[in-house]
Amino acid sequence: MVNIENKVIAITGASSGIGEATAKLLARNGAKVLLGARRTEKLEKIVEEIHASGGTAEFKAVDVTDREDVKAFIGFAKDKFDRVDVIFNNAGVMPLSPMNALKEWH
Ligand SMILES: NC(=O)c1ccc[n+]([C@@H]2O[C@H](COP(=O)([O-])OP(=O)(O)OC[C@H]3O[C@@H](n4cnc5c(N)ncnc54)[C@H](OP(=O)(O)O)[C@@H]3O)[C@@H](O)[C@H]2O)c1
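Every value quoted in this text rests on a predicted model; they were computed, and no experiment measured them.

The next subject is the side chain of Ser15. Secondary-structure assignment places Ser15 in the loop between strand E1 (8–12) and helix H1 (17–28). Engagement of the side chain of Ser15 in a polar contact is seen with the side chain of Arg39, the distance being 3.2 Å. Setting aside residues no more than four positions away along its own chain, Ser15 makes contact with Glu20, Gly36, Ala37, Arg39, Lys42, Leu43 and Ile46.

Right, dumping it as structure tokens:
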């Protein structure tokens with residue numbers, strides 16, 4: 001695995017599923033992670049788990065449909081960790097369409 005020690009990584013949709021698993025894996029490998037989502041009680045619990053296993057993590061409520069909220073989320077990461085190396089834009093939708101519709105998503 002690439003060395004991610006002390007990389008600052010902000011993750012949206014981190015209160016469950018892929019975002020939660022990614023946050024835990026990255027923290028286990030030495031990254032400093034900021035977890036965001038709407039359900040802060042879930043984020044708080046996950047951050048506690050990361051701290052308990054020796055990782056570095058913070059959380060902040062974010063609704064990715066609100067541009068100002070997203071700006072504040074990234075600003076929070078900069079305040080806490082001095083910079084942001086990676087943003088994992090995980091919260092969102094997965095557009096589906098039949099293959100024979102030949103849709104392209106940009
Ligand atoms: N699971 C799969 O097989 C798969 C495959 C390909 C792609 N994906 C995509 O990967 C992403 C994560 O999937 P998942 O399976 O891990 O889903 P999930 O378990 O349902 O998690 C979705 C996460 O997004 C957060 N979220 C939803 N709306 C939000 C909003 N408006 N603002 C901020 N956070 C929001 C949810 O937290 P809150 O409700 O607390 O805000 C939750 O933490 C999705 O975009 C999905 O379409 C999933």
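Further remarks concern the site of the ligand. The environment of the ligand is made up of 17 residues, and the closest members are Ser15, Ile18, Arg38, Arg39 and Val64. With respect to the ligand, the side chain of Ser15 contributes an N or O atom lying 2.7 Å from an oxygen atom. The side chain of Arg38 places a nitrogen or oxygen atom 2.7 Å from an oxygen atom of the ligand. When isolated, the ligand has an accessible area of 880 Å², and the protein chains bury 64% of it.

Relative to the 21 Å expected for 15 residues at 1.5 Å per residue, helix H3 (residues 67–81) spans 21 Å between its end C-alpha atoms, a close match to the ideal helical length. Elements in contact with the buried residues of H3: E1, strand E2 (32–37), strand E3 (56–61) and strand E4 (86–88). At the N-terminal boundary of H3, the capping side chain belongs to Asp66, with an oxygen 3.0 Å from the backbone nitrogen of Glu68.

Take the pairing of E3 next. Sheet topology note: the E2/E3 ladder contains six bridges and is parallel. Counted as the bridge partner of Leu35 is Phe59 from E3. Crossover connection from E2 via helix H2 (residues 40–52) to parallel E3: handedness right-handed.

Moving on: H1. With 12 residues, H1 extends 17 Å between its outermost C-alpha atoms, agreeing within 8% with the 16 Å of an ideal straight helix rising 1.5 Å per residue. Among the residues making up H1, those that are buried are Gly19, Glu20, Thr22, Ala23, Leu26 and Ala27. Angular distribution of buried residues about the axis of H1 spans 165 degrees; they occupy a single face of the element. Facing away from the buried side of H1, by more than 90 degrees, are the exposed residues Gly17, Ile18 and Arg28.

Before going further, it helps to spend a moment on unusual backbone geometry. Positive phi, normally seen in glycine, also occurs at Asn6, with a value near 65 degrees. Along the chain, Asn6 falls in the segment before E1. Of note in this structure, Asp82 is not a glycine but carries a positive phi near 75 degrees. Within the secondary structure layout, Asp82 lies in the loop between H3 and E4.

Calculation rules
Residues numbered from 1 in each chain as written. Predicted model: local features only at pLDDT ≥ 70, side-chain atom pairs only at ≥ 80, totals over all residues. Heavy atoms only, no water. Helix = DSSP H or I, 4+ residues; strand = E, 2+ residues; numbered from the N terminus. Polar contact = N/O pair within 3.5 Å; in protein donor to acceptor, adjacent residues only side chain to side chain. Contact = heavy atoms within 4.5 Å. Near = heavy atom within 4 Å. Areas by Shrake-Rupley, 256 points an atom, 1.4 Å probe, with all protein chains shown as cover. Expected span 1.5 Å × (residues − 1). Pairing = 2+ DSSP bridges. Right-handed = clockwise from strand over helix to strand, strands pointing away. Buried < 20%, exposed > 50% of the residue type's maximum accessible area, 1.4 Å probe, protein only. Arc of directions from axis to C-beta.

Remember that the coordinates give geometry; whether it matters functionally is a separate question.
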